[in-house]
Amino acid sequence: MGIEKLHLEDALEDSPQTRSLLSVFEKDAMTLKKYTTGLHNCCQRIMKAQNELCAATQSLSQHLRDFEIQKFPLESDDSVLSSTLKQFSSYLDDVSSIQQVLSAQFSETMMYPLSRFLQADLEEVTTLCEMYQIASNEHDSAMNRYMRLPKKKESERQKSEYNEELYLMRKKFHQTSLHYYSSLNALQYKRKCSLLEPVMGYLHAQRAFFQMGQDAVGKKEIEDFLNNISTSVQGVQQELQTETKKTVELIDSLEQQSAHLYHAEPMVDMPYIPPNTTLTQKAGYLFLRRGKHFHVPGPIGKQLIATKWERCFFFTVGGNLMSQARDEVISTNTKKLAGSLVLDLNEPGVLAEPHESDDRRFVFQIVSPKNKRNVVLQAENEREKDEWICTLNNIVRESGYVKGKGGGPQAKPKERTSSSSSMSKPGSGSVSPDQASISRRINPFDQSANEVLDTLDSAIDNSTFVESFVVRFLGSMEVTTDRGEKLVHETMRQIMAARAIHNVFKMTESRLVVSSEAMRLIDPATNTLRTTFALADISFWAAHPENTRLFGFITRTKPPGATNSTFSCHVFECNISAEEICQAIGTATKLAFQALMQRKLPPGVGKEKKAMEKIQQVKTREKNILLQNIQQLEDAPEDEEDSLHNLPLSPDGKYLVLTAADESEDGMESGDLSQPMEKLTVESMQQPISDSFDTEDVEPESEA
């Protein structure tokens, strides 16, 4: 079917049929302009969406890279998740660059042709339509004026003017009509090109985009990476499902076990649970009574005391009663546990007993005669009150003080010395069994660096090196390798963070005995061995770089039947500088290694070495005597030369013959040469010792 056209030959005639056909073309042009404007808006939305997609992809990539600079308290610095997200960000950068190329292609192949059609062609038709209407109106006006001319001859001039005006207006109208008709005719062809080019450009850009995406993202490397990550995610999801199932079961179990704890005071129909009177450690929430003085103004001043009860978390550690507010946390600077000291239970005369209060139930008090202070506390129920009273009195009893009696005799602490011989010999550093059986509680908040328990195990009496330290165990954690200072520091950080998160304040106090044979942890109260670490199993040790009281060491363990060894890092807190303990461990391992190398020498190597050293001493001694004699001969005066010539010489004149008296005097001067030279020969030597003296130094054999 052919394309409809306006006949340019009919433009000047401007017949009604031409006008009717022109109106159809004008209506079509207006509809096309409206439709094209809507198409332009759709393409513009695609362009904006593509630009937004590029910006969003770049933002996502940057956000994934920012994960490694976030300080997650529970995420390690070398986390696998951090490296994986970083790898993902690199792939997203490639995708973002391809999306930018697609956005540029959209702008060139889709938006530019459509914008050009709207601004150049359709706007031109609109402008020509307006000009056509103006020219038509002007032509009609000129025609009317010309047709109204009278028949008088006097109006010839006017006729000529109107005729000229009509000529110009008709020419203008004809020219405008020709341009207008031709634009409307051309628009019928342009509509097909202008409407198809944007869509065609869009599809070409998408094809190029998908091709570039396939080349960039469809690599074998990315496929393997995604498969590994998918497998890992599926494994984590399975672990999550298993953990969720365990958690649900644990929640159900805890709810059943804690049913009797929901009531502050047990109900009548609940079974009776007696208080545990043997506890030596306890923690929980109590209400503390505080008093505040108010002055009442007036002629006679009065003091009023108002009481206030505050709910705090109380716990016992190191023979002390501590309290902690709910929002109190571990100090990030000092790495010390939060909490404030309420009362030192090691002081003489401390006693916990029930207390009658007018407005409260389940109240008890702790009396400290030394400080003249009473701490009044309130528990939730009678059982909690009795347990707290028994626990506090048990701690007081363990400290050595009993009400009505003075403090029992305690072993006097001995200063720790760095000398290995003073602690290895019997009687120099050991204490009697009576003294060792007496336990002594150390206050960690008031403790000098030399307060250590010096009862030593009988198993280390024969060690060449022994040092003892008071330590408190903080925790252990399995590690991946057997050495590394950063590994020890990271383990310390994780253990301290775990203790803070779970509110673990209890620390087991022990005596660490470092000897040239092993490291032992001994219970200072009962002098019993808790555990032993062989020096051969200790692979690395280090102190904390900031907190000088923390140190840790790594041990290796190989279970029976296992092919690979496992490694664990143990973290302790001490009262002195941790560097001293690390130096002691280093000295002990060095001595143990030297002893091991000495034991591995062949049976005769040691004796041969000593014999060679003694022979070398004899040869050096004789060489020095000969040099002294030569010096004396050079310094002798001329009147003694005759007497020197009379000395007995050997038949060949090379040697001086010594008498028996000279030999005896020589033997007296060299006390260590009293044995004959024949007895100092080494059995393993194949050649006899030469009588001549060599001026070169003879070095002894080095130990293995």
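Here the structure is shown first, and the text comes after it.
Note that this is a predicted model, so its numbers are computed, not measured.

Asks: Please clarify how the pattern of salt bridges should be interpreted in this entry.
Replies: Two side chains bearing opposite charge may form a pair once their charged atoms approach each other closely. Here the structure, examined in full by the defined rule, presents 23 salt bridges. For Lys308, the salt bridge identified is with Glu310, shortest N-O distance 3.8 Å. With a relative accessible area of 52%, Lys308 lands in the exposed category. Across the pair Glu573 and Arg472 runs a salt bridge, and its minimum N-O distance is 3.5 Å. Here Glu573, found in strand S14 (residues 566–574), pairs with Arg472, found in strand S8 (residues 466–479); they are 101 residues apart in sequence, far enough to count as distant. A residue is classified by how much of its surface remains accessible, and Arg472, at 4% relative accessible area, is buried. Put simply, Lys282, Arg383, Glu384 and Glu387 are held in one network by salt bridges that share partners.

Asks: Explain the packing of helix H1 (residues 16–65) against helix H3 (residues 156–217) here, please?
Replies: How two helices pack is summed up by the angle between their axes together with the distance between the axes. At their nearest, the axes of H1 and H3 sit 10 Å apart, and the two run at 30° to each other. Classified by the angle between their axes, H1 and H3 sit roughly parallel to one another. The two elements H1 and H3 meet at a crossing, and its hand is left-handed. Contacts between H1 and H3 involve Thr18, Arg19, Leu22, Phe25, Glu26, Asp28, Ala29, Leu32, Tyr35, Thr36, Leu39 and Ile46 on the former and, on the latter, Phe173, Tyr180, Tyr181, Leu184, Asn185, Leu187, Gln188, Arg191, Leu195 and Tyr202. Classifying every residue of the contact of H1 with H3 gives 14 nonpolar, 4 polar and 4 charged.

Asks: Help me understand a nonpolar patch on the surface in this model?
Replies: Where nonpolar side chains cluster on the molecular surface, the patch consists of Leu626, Leu627 and Ile630 and spans about 260 Å² of accessible area. Within the element layout of this structure, Leu627 appears in helix H10 (residues 605–635). Classification of Leu627 as exposed rests on a relative accessible area of 52%.

Asks: Honestly, the sheet that holds strand S13 (residues 550–557) in this entry has me stumped. Any pointers?
Replies: Taken together, 7 strands build an open sheet; the order of strands is S11-S10-S9-S8-S14-S13-S12 and the sheet is antiparallel. Edge positions in the sheet fall to strand S11 (529–534) and strand S12 (538–543), since each of these pairs with one other strand and no more. In this sheet, neighbouring strand axes are inclined to one another by 30° on average, regardless of whether the strands run parallel or antiparallel. The pairing of strand S9 (residues 508–515) with strand S10 (residues 518–522) spans 4 bridges and is classified as antiparallel.

Asks: How should the pairing of S14 be read in this particular structure?
Replies: Side chains on a regular strand alternate between the two faces of the sheet. Counting buried residues in S14 gives 7 out of 9 residues, a clear majority hidden from the surface. Summarising the sheet, S8 and S14 pair through 8 bridges and their orientation is antiparallel. Among the inter-strand pairings, Phe473 is bridged to a residue of S14, identified as Phe572. Examined bridge by bridge, S13 and S14 share 8 bridges and lie antiparallel to one another. Bridging across to S14, Gly552 finds its partner in Val571.

Asks: Mind showing me how you'd approach the packing of H1 against helix H2 (residues 80–147) here?
Replies: Close contact between H1 and H2 brings their axes to 8 Å; oriented N to C, the two are set at 160°. Taken together, the axis directions place H1 and H2 in an arrangement best described as roughly antiparallel. At the point where H1 passes H2, the crossing takes the left-handed sense. A breakdown of the residues in the contact of H1 with H2 according to their chemical character gives 26 nonpolar, 19 polar and 6 charged.

Asks: So what exactly am I meant to see when it comes to H3 here?
Replies: Every α-helix carries 3.6 residues per turn, so stepping three or four residues along brings you back to the same face. Helix length check: H3, at 62 residues, gives a terminal C-alpha distance of 88 Å against a target of 92 Å (1.5 Å per residue), a fit within 8%. If you look at H3, its biggest bend is around 40°, right at Tyr189.

Asks: What am I meant to see in the side chain of Asn394 here?
Replies: In this structure, Asn394 sits in helix H5 (residues 382–398). Relative accessible area serves as the criterion here: at 12%, Asn394 is assigned to the buried category. Residues contacting Asn394, with those up to four places away along its chain left out, are Thr277, Thr278, Leu279 and Thr280.

Asks: When you look at the packing of aromatic side chains in this model, what are you seeing that I'm missing?
Replies: The final tally for this structure, using the stated rule, is 14 aromatic pairs. Their ring planes at 35° and their centres at 5.4 Å tell us that Tyr132 and Phe173 sit as a pair that is tilted. With Tyr132 in helix H2 and Phe173 in helix H3, this pair connects stretches of sequence that are 41 residues apart. Phe173 shares its class with Tyr132; the two are buried. Judged by centre distance (6.3 Å) and plane angle (45°), the rings of Tyr132 and Tyr181 are tilted. Linking Tyr132 in helix H2 with Tyr181 in helix H3, this pair joins segments that are 49 residues apart in sequence. For the pair shown, Tyr132 and Tyr181 are each scored as buried. Linked through ring pairs, Phe473, Phe533, Phe551, Phe553 and Phe572 together constitute an aromatic cluster. One residue, Arg360, lies across the ring of Phe287, its end atom 5.9 Å from the ring centre.

The rules behind these values
Residues numbered from 1 in each chain as written. Predicted model: local features only at pLDDT ≥ 70, side-chain atom pairs only at ≥ 80, totals over all residues. Heavy atoms only, no water. Salt bridge = Lys/Arg side-chain N within 4 Å of Asp/Glu carboxyl O. Buried < 20%, exposed > 50% of the residue type's maximum accessible area, 1.4 Å probe, protein only. Helix = DSSP H or I, 4+ residues; strand = E, 2+ residues; numbered from the N terminus. Axes fitted to C-alpha atoms, helices over the stretch in contact; angles between N-to-C directions. Parallel < 35°, antiparallel > 145°, perpendicular 65-115°, else oblique. Left-handed = near helix turned anticlockwise from the far one by under 90°. Contact = heavy atoms within 4.5 Å. Nonpolar A, V, L, I, M, F, W, Y, C, P; charged D, E, K, R; others polar. Patch = residues over 30% accessible without salt bridge, like charges linked within 9 Å, V, L, I, M, F, W, Y side chains within 5 Å. Areas by Shrake-Rupley, 256 points an atom, 1.4 Å probe, with all protein chains shown as cover. Pairing = 2+ DSSP bridges. Expected span 1.5 Å × (residues − 1). Bend = angle between axes of the 7 residues up to and from the residue. Phe/Tyr/Trp six-rings, centres within 6.5 Å; stacked < 30°, edge-to-face > 60°. Lys NZ or Arg CZ within 6 Å of the ring centre and 35° of its normal.

These values are about where atoms sit, not about what they do.
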